[in-house]
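# Architecture at a glance
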Amino acid sequence: MATKVLVPRLGEGVDEVTVTKWLKQEGDSIKELEPLLEVNTDKVDTEIPAPATGTILKIITQEGIAAKVGELLAIIGQPGESVDSGRSSVSSQQPTVTSAVPAPQLPVNNIQSPVSNRDLGFISPVVAKIAAEHGVDLSQVSGTGLNGRITKNDVLSYVEGHKSKVGGRVPQAANLQPANMQPGTLIKHSTIRRQIAAHMVESKHTSPHVLTVMEADMSRVAKHRAANKAAFERDGVNLTFTAYFMMAIVAGLKAYPQTNSSWTDEGLLIHKNINLGMAVSLGEEGLIVPVIKNADNLSLLAMARSVNDLSTRSRNKKLQPDEVKGGTFTLTNHGVSGSLFAFPVINQPQAGILGVGAMQKRVIVIDEAIAIRPMVYLSFVFDHRILDGASADWFLAKVKATLENWA
C-alpha cells in the first residue's frame, strides 16, 4: 500500500514550507527515516525523512514550490503500484511547477548517486556534494545520524571546526566562495536571499525608521570579562561581548517597556516576555536571527551559553523553526566585520533594533583629562510610530549606562 509523504508541522506557527531540494528522485529506493528532501521555513533548512521504506513513485511538489502543513509532497510504495488515489486527493492543491534554482556544477561522480561504503556507511548525494565543494575527506568526519550515518550538518560542523583551527582562514580546497561567482554571470537568488529581500523591503515600507547613536566605554565590561572568562570556560561556555550587550538590552527594555512592543491598528502591544533576537551571519547565504526566549530571566552565564548554542547551531543549520520566531527586539553585531556604526533595518513587527560596532581604543576626555578607553558605537534604529527621539534616547542611555557601570 502506497504511503503519502505529507508536510509535517515543524513547529508552533509554522504553517508553510518551501521545498528546496529533493535528495531522492522518482524511481529511487529509500529506507524509512532516510532523508528524503530539504525544506526551508523562515530561513531554517530542515531535512524531512521518509516515513516508510520503498520506492519513490511520484514527486508531487517540485523544488522552489511552497506547500502548507498537511499537503502532499510525494508518494512512496512498491514499483508498479498505482498512485492515482494519492494524486486525486490533492489534485486541487498541486501548484504550478516553476524552474528551481540550479545547483553549482560539480563532477558527476561526486553527486550522481548515493554512495555505499562499508567503512563510511551510507553517504547521501547532498553529503557527497557538500564534501566535494569543501574538499572534505569523509573518512575524517564523525557521523551523528542514524546508525552513525554522516549527515549534512556533520560535514558543515567539520568545515567550521577546520576553519577555527587555521585561524579562521579557509584552505584553498575548502573555499566557501561560490565557484560560479564570476563577473558577468547571473547568480540565481536562493530561497534565503529572497526571504531576506522580502522582509527588508516590507520593513522599510512598514515602519518610519529613525537612527540615534551613542558611544559606550567598555572598560568595565572588558575587565569583568577578563576576570571571569576562565571560570566560564570551565563550565563549557565562551564568554563573548555579545552576552553583555544582550544583558544591557534586557536592562533597557525593562526600564522602558514601550521599546519592547509592537504597533497594531488598535493600539500599542506591550509584550509580556522579553525575547531577544540575535543576528547571525551565514556568510554568502545571508543571515538568520535566532531568538533567546524569556531573556529577562537569564543570568550572564545562562545568556552566554544561549548565545554560544544558537550561534553554533545557526551556522551549522541545526536550528528548529520555532527558534527563529517570537522575537520582541533584535541585536545585530555588525562590528565583527570592522564596521563602526550602521543603520540596521527593523525586524518586523518589533519596535527597534540595536546595532553594535567594532570596539576600538579611542582617546576620550574624562574629568578634564585625556584617557584611552575601549569604545563602541551603539546604533539604535526605532519605529517612529512607537518611539520619539526622547524615549528612544532614554532606552539607549540605559543600555549605555548598564555597560559602562558593569560590576
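You'll find the structure just up there.
Residues numbered from 1 in each chain as written. Predicted model: local features only at pLDDT ≥ 70, side-chain atom pairs only at ≥ 80, totals over all residues. Heavy atoms only, no water.

### Section: the sheet that holds strand S2 (residues 16–22)
The test is simple: The pairing criterion is simple: DSSP has to find at least two bridges between the two strands. What counts as a helix is a DSSP run of H or I of at least four residues, what counts as a strand is a run of E of at least two, and both are numbered from the N terminus. To obtain each axis, a line is fitted to C-alpha atoms, and for helices this fit is confined to the stretch in contact; angles are then taken between N-to-C directions over 0 to 180 degrees. Contact definition: two residues touch when any of their heavy atoms are within 4.5 Å.
Ordered by their spatial adjacency, 4 strands build an open sheet running S5-S4-S2-S7, and the pairing between neighbours is antiparallel. A single partner strand is all that each edge strand has here, and the edge strands are strand S5 (44–49) and strand S7 (66–68). Adjacent strand axes in the sheet meet at a mean angle of 40°, parallel and antiparallel pairs treated alike. As defined by bridge partners, S2 adjoins strand S4 (residues 35–41) across 4 bridges and the pair is classed as antiparallel. When the sheet's bridge partners are listed, Val-19 is paired in S4 with Val-39. This element, helix H5 (residues 191–206), spans S2, S4 and S5 of the sheet and lies at about 15° to S4.

### Examining the pairing of strand S18 (residues 329–332)
Note the following rule: The rule is simple: take the accessible area with a 1.4 Å probe, protein chains only, and divide by the maximum for that residue type; under 20% is buried, over 50% is exposed, in between is partly exposed.
Along S18, one buried face is formed by Phe-329 and Leu-331 and the opposite face, lined by Thr-330 and Thr-332, is buried too. Sheet topology note: the strand S14 (residues 276–278)/S18 ladder contains 3 bridges and is parallel. Opposite Gly-277, over in S18, you have Thr-330 as the bridge partner. In this sheet, strand S19 (residues 352–356) lies alongside S18 in parallel orientation, the contact comprising 3 bridges. Bridged to Leu-331 within S19 is Leu-354.

### A look at the side chain of Asn-308
With respect to the element layout, Asn-308 can be found in helix H8 (residues 300–315). Ignoring sequence-local partners within four residues, the contact set of Asn-308 consists of Val-237, Asn-238 and Thr-240.

### Comments concerning the environment of Val-250
Within the secondary structure, Val-250 is located in helix H7 (residues 241–255). Distance from Val-250 to Val-399, taken between C-alpha atoms, is 8.3 Å for residues 149 residues apart in sequence. When near neighbours in sequence (up to four residues on either side) are disregarded, Val-250 contacts Ile-274, Leu-276, Ala-295, Asp-296 and Met-303.

### Let's talk about the pattern of salt bridges
This is how the line gets drawn: Just to be clear on terms, a salt bridge is a Lys or Arg side-chain nitrogen sitting within 4 Å of an Asp or Glu carboxyl oxygen.
One pass over the full model with this rule turns up 12 salt bridges. Of the charged contacts in the structure, one is a salt bridge between Asp-309 and Arg-313, with a shortest N-O distance of 2.9 Å. Here the residue Asp-309 and the residue Arg-313 both occupy positions in helix H8, the gap between them amounting to 4 residues, near one helical turn. Residue Glu-404 is joined to Lys-400 by a salt bridge in which the shortest nitrogen-to-oxygen separation is 3.0 Å. Of this pair, Glu-404 and Lys-400 both sit in helix H9 (residues 389–404), separated by 4 residues, roughly a single helical turn. When its relative accessible area of 24% is taken as the criterion, Lys-400 is described as partly exposed. Overlapping salt bridges bring together Asp-309, Arg-313 and Glu-323 as one network.

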